[in-house]
Amino acid sequence: MNGRSRRYAVAGSPVRHSLSPRIHTLFAQQTGVPLEYGLLEPDNDDFESAAGSFFSDGGSGLSVTSPYKARALNLAYELSAEARAAGAANTLARARDGRISACNTDGPGLVIDLRKRLGYEVEGGGVLVLGAGGAAAGILGAILLAKPRSVAIANRTLRRAEALAGRFAGRAEECGVQLRAVGLSDLDTGCGHNLVVQATSAPAGGDLPLDTEILAAADIVYDLRYGERAEPFLRAAKRAGAARTADGLGMLVEQAALSFAYWERVKPATEPVYEALRETHSFLPAP
Ligand code: NDP
């Protein structure tokens, strides 16, 4: 390692195809921060010891992705409000005294992408979140803080949606948002959602058990996945009549920029990095 570089990595399984090393290397070039950014792919039983060794060997920070986001919380001495609410962290940082802190930049990354790149304001609208897993939990807090009129969490397994709505009931009340849980197949077409967020891990080509007419009235349908994995769902949304669609590449870049700022106290510009990824990865067609 270069004497001045700080060392970072993305931890998950699998991470071989992660865009995070490219994104953070572009941020480093742009801001002049000397850093090395690698991959950490521990087996399921080894996440805690691999992350622990990374930090004790001098690593400065980790991006954490599936399936380790919830377990990442247990490594941290200090949690941000977002990480606590989500029950998961996507960013770990080591302070000078060796203590680890954790935050979750996924939700703020989504809201920034909607607002800045797509020009969409969540405030006052109706939001439908499809899915009630880790990704949905990671974005809900930030969506509620953006003060929509209402949020419906629709999941194949209703009790998971109910549990998630229960966890965020306090924040919804503080923010003045009506929050409810519903079964995916019980959604009705007249409920007027302005923003629909696809946050399930359903296979890209497989149909969700959902009447696509629900997507017809949406101002914007956003899939947290990106590129070809998001394409079939976004195509179905367009066919149903959704005004606009977007994949999650912008969120990926924005959450990474927030993590970079959490580590290095400097906020990189995201648009050039977003454009560079769209240009160089032909498998990431613009939605
Ligand atoms: P989880 O395993 O925690 O949850 C999976 C969710 O998908 C559950 O709600 C599950 O429903 C639902 N689901 C799975 N298969 C189906 C199906 N066939 N039909 C209907 N619902 C289904 O996964 P995550 O929440 O961690 O990840 C979800 C997606 O979000 C992933 O594709 C991930 O790549 C993406 N993501 C993108 C990010 C970005 O930066 N752009 C950040 C984080 C995640 P049930 O409860 O009924 O099983």
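Definitions and cut-offs
Residues numbered from 1 in each chain as written. Predicted model: local features only at pLDDT ≥ 70, side-chain atom pairs only at ≥ 80, totals over all residues. Heavy atoms only, no water. Pairing = 2+ DSSP bridges. Helix = DSSP H or I, 4+ residues; strand = E, 2+ residues; numbered from the N terminus. Axes fitted to C-alpha atoms, helices over the stretch in contact; angles between N-to-C directions. Contact = heavy atoms within 4.5 Å. Buried < 20%, exposed > 50% of the residue type's maximum accessible area, 1.4 Å probe, protein only. Lys, Arg positive; Asp, Glu negative; His and termini not counted. Salt bridge = Lys/Arg side-chain N within 4 Å of Asp/Glu carboxyl O. Parallel < 35°, antiparallel > 145°, perpendicular 65-115°, else oblique. Left-handed = near helix turned anticlockwise from the far one by under 90°. Nonpolar A, V, L, I, M, F, W, Y, C, P; charged D, E, K, R; others polar. Near = heavy atom within 4 Å. Polar contact = N/O pair within 3.5 Å; in protein donor to acceptor, adjacent residues only side chain to side chain. Areas by Shrake-Rupley, 256 points an atom, 1.4 Å probe, with all protein chains shown as cover.

On to the sheet that holds strand β9 (residues 178-183), then. Across the sheet, which stays open at both edges, the 6 strands sit in the order β9-β8-β7-β10-β11-β12 with parallel pairing between neighbours. The two strands at the open ends of the sheet, each matched to only one other strand, are β9 and β12 (244-246). Pairs of neighbouring strands in the sheet enclose a mean axial angle of 15°, with direction left out of account. Two elements, strand β7 (residues 126-130) and strand β8 (residues 150-155), share 5 bridges in a ladder whose sense is parallel. When the bridges of β8 are listed, leucine 130 appears paired with alanine 154. Helix α7 (residues 158-167) rests against β8 and β9 of the sheet, and its axis sits at about 165° to β9. The sheet strands contacting helix α9 (residues 231-240) are β7, β10 (195-198), β11 (220-223) and β12, and the helix crosses β11 at an angle near 170°.

Residue position: glutamate 254 is located in helix α10 (residues 249-264). Of the side chains bearing the opposite charge, lysine 116 lies closest to the buried glutamate 254, which forms no salt bridge; the N-O distance is 4.2 Å. The contacts of glutamate 254, once residues within four sequence positions are left out, are Gly109, Ile112, Asp113, Lys116, Lys267 and Thr270.

Turning to the packing of helix α5 (residues 106-117) against helix α6 (residues 134-145), a few remarks are in order. For the pair α5 and α6, interaxial distance at closest approach is 7 Å and the crossing angle is 55°. Put simply, α5 runs oblique to α6. Handedness of the α5/α6 crossing: right-handed. In this structure, α5 uses Asp106, Gly107, Pro108, Leu110 and Val111 to contact α6, whose residues at the interface are Gly138, Ile139, Ala142 and Ile143. Its residues placed into classes, the contact of α5 with α6 shows 6 nonpolar, 2 polar and 1 charged.

Here the focus is the sheet that holds strand β1 (residues 6-11). Strand order in this open sheet of 6 strands is β2-β1-β3-β5-β6-β4, and the pairing throughout is mixed. Of all strands in the sheet, those with a lone pairing partner are β2 (35-40) and β4 (78-79), marking the two edges. The sheet contact formed by β1 and β2 spans 6 bridges and is parallel. Across the sheet, residue tyrosine 8 finds its bridge partner in β2, namely tyrosine 37. The strands touched by helix α2 (residues 47-56) within the sheet are β1, β2, β3 (61-64), β5 (91-94) and β6 (100-103), with β3 carrying the most contacts at an inclination of about 150°. Most of the contacts of α10 go to β5, to which it runs at about 15°, and overall it touches β1, β2, β3, β5 and β6.

Attention shifts here to the pattern of salt bridges. Inspection of every chain in the model, using the stated rule, returns 10 salt bridges. Residue glutamate 82 is joined to arginine 171 by a salt bridge in which the shortest nitrogen-to-oxygen separation is 3.4 Å. One end of the pair, glutamate 82, is in helix α4 (residues 81-86); the other, arginine 171, is in helix α8 (residues 169-175), and 89 residues separate them in sequence. Both residues of the pair, glutamate 82 and arginine 171, count as buried. Between arginine 225 and aspartate 223 there is a salt bridge, with its nearest N and O atoms 3.0 Å apart. Pair check on accessibility: arginine 225 and aspartate 223 agree, each one buried.

Our focus in this paragraph is the site of the ligand. Neighbouring the ligand are 24 residues, the closest being Ala135, Asn155, Thr157, Arg160 and Leu224. Arginine 160 is positioned with one of its side-chain polar atoms (N or O) 2.8 Å from an oxygen atom of the ligand. The backbone of glycine 248 places a nitrogen or oxygen atom 3.4 Å from a nitrogen atom of the ligand. Within the complex, 77% of the 940 Å² of free accessible area of the ligand lies under protein. Going through the elements one at a time, α6 and α10 are the ones with two or more residues in the shell around the ligand. Residues of the shell around the ligand, tallied by class, amount to 11 nonpolar, 8 polar and 5 charged.

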